Amino acid sequence: LEAGHYFNPHAQRIIESQMGGAKVCVIDTRLSNTASKADYWLSTWPGSEAAVLLAMCNVLLHEGLYDAEFVRRWVNWEEYLREEHPGRPVTFDSFIAVLKEVYAEYTPEFAATESGADSTVIVQVAREIGRAGHAFAAHIWRNAAAGNLGGWQVARALGCLKGLTGAVATPGGTT
């Protein structure tokens, strides 16, 4: 490489995947190089990314686009119900019902109000994530997690999407 030229392997892998048929969504205030190539660019207000991601979780739950078997096997839902909702039956269906209640306030419309992003696009991206399933790959880059008070919640919200899709340690998925 010549002096002053830098190679970004993450961006290169993203674009190569897109060329192979993957859909790319970038959530970033800036029109970055990757955002300019994305299928979906959500130019959200700084600090609102978690609201958008939780709205996507809501869509996955309400449209049945989550991997029930992965969640049943790898999420400690029984302990969660016993500790946080002792009056509820300790069944997987009860857990899903509770999750729907917990995520109910995070509608695409709420996320649009919080973030400035279009609620229709939020739903489209959530459905793409649901269709990708185990092949959903995501990465937190730069400002979302570090540039805002509570920015680490973005990583947690993104982790919920990964968990709902079962895209953990899978081909095409995350880590």
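Residues numbered from 1 in each chain as written. Predicted model: local features only at pLDDT ≥ 70, side-chain atom pairs only at ≥ 80, totals over all residues. Heavy atoms only, no water.

*Asks:* So what about the overall build of the protein? Which residues, and what values?
*Replies:* Scanning the protein from N- to C-terminus turns up 10 helices and 2 strands. For the protein, the N- to C-terminal ordering of α and β elements is α-β-α-β-α-α-α-α-α-α-α-α. Every one of the 175 residues in the protein was classed for burial, and the buried ones make up 40%. Pairs at least 24 residues apart make up 58% of the contacts formed inside the protein by residues separated by at least 6 positions. As displayed, the protein has an accessible area near 10,100 Å², and 53% of this comes from carbon and sulfur atoms. (Helix = DSSP H or I, 4+ residues; strand = E, 2+ residues; numbered from the N terminus. Buried < 20%, exposed > 50% of the residue type's maximum accessible area, 1.4 Å probe, protein only. Contact = heavy atoms within 4.5 Å. Areas by Shrake-Rupley, 256 points an atom, 1.4 Å probe, with all protein chains shown as cover.)

*Asks:* Could you give me a rundown of helix α7 (residues 108-115), with the residues and numbers involved?
*Replies:* Of all the positions in α7, only Pro108, Ala111, Ala112 and Ser115 are classed as buried. With its buried residues spanning 105° around the axis, α7 presents them on a single face. The elements touched by buried residues of α7 are α3 (49-62) and α8 (119-132). Just downstream of α7 lies Gly116, where phi reads positive at about 85°. (Arc of directions from axis to C-beta.)

*Asks:* Explain the packing of aromatic side chains to me, and be specific about the residues and the numbers.
*Replies:* Both the distance between ring centres and the angle between the ring planes are used here to describe each pair of aromatic rings. Applying the stated criterion across every chain, the model contains 5 aromatic pairs. Between Phe92 and Phe95 the ring centres are 6.2 Å apart and the planes differ by 40°, which places this aromatic pair in the tilted class. Placement of the pair is Phe92 and Phe95 together in helix α6 (residues 92-103), with a separation of 3 residues, close to one helical turn. Of the two residues examined, Phe92 and Phe95, each falls in the buried class. With a centroid separation of 5.7 Å and an interplanar angle of 75°, the aromatic rings of Tyr106 and Phe110 are classed as edge-to-face. (Phe/Tyr/Trp six-rings, centres within 6.5 Å; stacked < 30°, edge-to-face > 60°.)

*Asks:* Tell me about the nonpolar core, and please be specific about residues and values.
*Replies:* In terms of nonpolar packing, the biggest core is built from 37 residues, with Met56, Phe95 and Leu161 touching the most fellow members. Those elements that provide at least two residues to this core are β2 (40-42), α3, α5 (77-84), α6, α8 and α10 (152-165). In terms of residue count, α3 provides more of this core than any other element does, 10 residues in total. Setting aside its immediate chain neighbours within four residues, Phe95 contacts Val71, Val75, Trp77, Tyr80 and Leu81. (Core = buried A, V, L, I, M, F, W, Y, C linked by side-chain atoms within 4.5 Å.)

*Asks:* Explain α6 to me, and be specific about the residues and the numbers.
*Replies:* Over its 12 residues, α6 runs 16 Å from end to end, which matches the ideal 16 Å to within 8%, given 1.5 Å per residue. Listing the buried residues of α6 in full gives Phe92, Ser94, Phe95, Ile96, Val98, Leu99 and Tyr103. As for α6, its buried residues are in contact with α3, α4 (68-74), α5 and α10. (Expected span 1.5 Å × (residues − 1).)

*Asks:* Pulling in residues and values, what's your account of the pattern of salt bridges?
*Replies:* Following the criterion strictly, the structure yields 5 salt bridges and no others. A salt bridge links Glu101 to Arg88, with the shortest nitrogen-to-oxygen separation between them at 3.1 Å. Here Arg88 lies in the loop between α5 and α6 and Glu101 lies in helix α6, a separation of 13 residues in the sequence. Its relative accessible area of 48% is what places Glu101 among the partly exposed residues. (Salt bridge = Lys/Arg side-chain N within 4 Å of Asp/Glu carboxyl O.)

*Asks:* Run through the environment of Asn58, naming residues and quoting values.
*Replies:* As for its position among the elements, Asn58 is in helix α3. Residue classification places Asn58 among the buried positions, given a relative accessible area of 7%. With 68 residues separating them in the primary sequence, Asn58 and Ala126 have C-alpha atoms 8.9 Å apart. Beyond its immediate stretch of four places on either side in the chain, Asn58 contacts Tyr103, Ala104, Tyr106 and Thr107.

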